[in-house]
Amino acid sequence: MRLGIIGLPNSGKTTVFNALTGSDLPTEPVSSGQLEVHTAVVAVPDERVDRLAEIYHPKKTTYTTITYTDIGGLDKGIGEGGLTGPMRNELQQLDGFLHIVRAFTDESVPHPQETVDPIRDLHTIDAEFLLLDQITIENRLARLGEEKQKGKIDNKQAHADETALLERLHTQLEAEQPLRDLDLTDDEHKMLRGYGLMSLKPVMVIFNMGDEGSDPAEGLDYDHKRTVVLSLRGKLEAEIAQLDDPDDVAMFLGEYNIDEPSRNRVIRLSYELLNIHSFLTYGEDEVRAWSLRKGATSVEAAGTIHSDLARGFIRAEVVPYAEFIVSNGNLADVKSRGKMRLEGKEYIVQDGDMLVIRFAV
Ligand SMILES: Nc1nc2c(ncn2[C@@H]2O[C@H](COP(=O)(O)OP(=O)(O)OP(=O)(O)O)[C@@H](O)[C@H]2O)c(=O)[nH]1
Ligand SMILES: [Mg+2]
């Protein structure tokens, strides 16, 4: 799963990218304005994995990951439906966005619109995405109309379904509302997958605050589905991410009166935004967390581990992590309390399920 870090020039995208990934990319007060892409893979912190590793002392411990891509140079052509070519291509491939909005004031960092106005900037990019989606949908509807006129339709039902769906989306866009607010079925999402619709993707809005000033997230009127809003102090967070010594981190946090670095919170929320959760596998070889789409079954979970496990799936042995901890990590005790279950193919995997897949190939 890959989230793209987007926003206007100088909003602090690279700064936040550094904070999240512990990278040390240069950040500059002068924006190059070019399409620049940097990617890093981040382990998702998970206390359950830590605890299991303490119990099993495995040879290997593996966390799930999220990929973050810092994408600079978005401003070209904004407001003119002008996002084209490689930039648009780049954005369409993402699973969601981290939209960085500048809320810090700093005379030495120019703002493309001169003034600092987070709400205006938030809506600038939102409006751009709505416009792009509208163009995409109108083009497709025009194509479908032509096909109909020429009587060149292979599958009448599919043609009618797609037209109806696109018209529904079009109405939403005309009302200036993002597509992610619509309740779409899995099939409808599938139908739309190839279009790379921007406002359909989940979004985390991050207000990048300075050390002073009010928090734009407070009292913000921004009620959308699959949307998270938060504020952090990007520059500070990036500095914390560069510290290796936990004592230094603690001192730093104390000095600035912060409970915990935002990094972990942002990564956890990214995970939730993507509508995935984790199941766990365990043993002396490896303790590992795996990402799985919420609502996926045990056989799909098996398939994430290895296609053989899905093909030869017999049963899943399920121990909920919480029960494992109640039993102090003693599986025999979990069993005797009747909390170890055998489940079939249709079982919907829950977050924190510890799985052993029984299979034969
Ligand atoms: N005062 C202050 N400055 C910040 C903060 N976050 C970023 N900056 C500064 O703003 C400038 C731009 O930050 P970047 O992280 O490079 O911004 P960007 O969005 O990646 O910019 P482009 O990629 O050029 O569009 C740099 O000089 C940063 O040091 C912040 O929270 N407070
Ligand atoms: Mg940058």
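Residues numbered from 1 in each chain as written. Chains lettered and ligands numbered in written order. Predicted model: local features only at pLDDT ≥ 70, side-chain atom pairs only at ≥ 80, totals over all residues. Heavy atoms only, no water.

Draft legend 1. Expanded view of the overall build of the protein. Regarding its fold elements, the protein presents 13 helices and twelve strands. When each of the 361 residues of the protein is scored for burial, the buried share is 48%. Accessible surface computed for the protein: about 18600 Å², of which carbon and sulfur atoms make up 47%. (Helix = DSSP H or I, 4+ residues; strand = E, 2+ residues; numbered from the N terminus. Buried < 20%, exposed > 50% of the residue type's maximum accessible area, 1.4 Å probe, protein only. Areas by Shrake-Rupley, 256 points an atom, 1.4 Å probe, with all protein chains shown as cover.)

Draft legend 2. Just unusual backbone geometry, in detail. Of note, N10 is a non-glycine position whose phi angle comes to about 65 degrees, a positive value. Its place among the elements puts N10 in the loop between β1 (2-6) and α1 (13-21). A positive phi angle, close to 45 degrees, is found at R226, a residue other than glycine. Mapped onto the secondary structure, R226 falls in the loop between β6 (203-208) and β7 (227-232).

Draft legend 3. Representation of the sheet that holds strand β5 (residues 96-102) within the structure. Sheet architecture is open: six strands sit in the order β2-β4-β1-β5-β6-β7, paired in mixed fashion. Edge positions in the sheet fall to β2 (36-43) and β7, since each of these pairs with one other strand and no more. Direction aside, the axes of adjacent strands within the sheet are offset by 20 degrees on average. Where β1 meets β5, four bridges bridge the pair, whose relative direction is parallel. Bridged to G4 within β5 is F97. (Pairing = 2+ DSSP bridges. Axes fitted to C-alpha atoms, helices over the stretch in contact; angles between N-to-C directions.)

Draft legend 4. Up close: the nonpolar core. Counting residues in each nonpolar core, the largest one holds 24 residues, and the members touching the most others are L20, Y68, L98, M204, I206, L230 and V266. The set of elements that each furnish at least two residues to this core consists of β1, α1, β2, β4 (65-72), β5, β6, β7 and α9 (262-273). Top contributing element to this core by residue count: α9, with five residues. Every residue in contact with I206, bar those within four places of it in the chain, is listed here: L98, H99, I100, V101, L230, L232 and V266. L8, M87, F97 and M209 belong to the second-largest nonpolar core, a separate cluster that totals 20 residues. (Core = buried A, V, L, I, M, F, W, Y, C linked by side-chain atoms within 4.5 Å. Contact = heavy atoms within 4.5 Å.)

Draft legend 5. Seen up close, the pairing of β7. Counting buried positions along β7 gives five out of six residues, so the element sits mostly inside the fold. Where β6 lies against β7, six bridges are found, and the strand directions are parallel. In the sheet register, M204 faces β7, and the bridge partner there is V228.

Draft legend 6. Structural detail: the packing of helix α4 (residues 118-149) against helix α5 (residues 156-174). Between α4 and α5, the shortest axis-to-axis distance is 10 Å and the interhelical angle comes to 150 degrees. Of the possible angle classes, the one that applies to α4 and α5 is roughly antiparallel. Viewed along their axes, α4 and α5 form a crossing whose handedness is left-handed. Where α4 approaches α5, its residues L130, D133, Q134, I137, E138, R140, L141, L144, E147 and K148 are matched on the opposing element by H159, E162, T163, L166, E167, L169, H170, L173 and E174. Among the residues forming the contact of α4 with α5, the class breakdown is seven nonpolar, four polar and eight charged. (Parallel < 35°, antiparallel > 145°, perpendicular 65-115°, else oblique. Left-handed = near helix turned anticlockwise from the far one by under 90°. Nonpolar A, V, L, I, M, F, W, Y, C, P; charged D, E, K, R; others polar.)

Draft legend 7. Representation of the pairing of strand β10 (residues 313-320) within the structure. Bridge analysis of β10 against strand β12 (residues 353-359) gives seven bridges, and the strand direction is antiparallel. The residue of β12 that forms the bridge with A316 is I357. In terms of strand pairing, β10 meets strand β11 (residues 341-343) through three bridges, oriented antiparallel. Residue pairing in the sheet places V318 in a bridge with R341 of β11.

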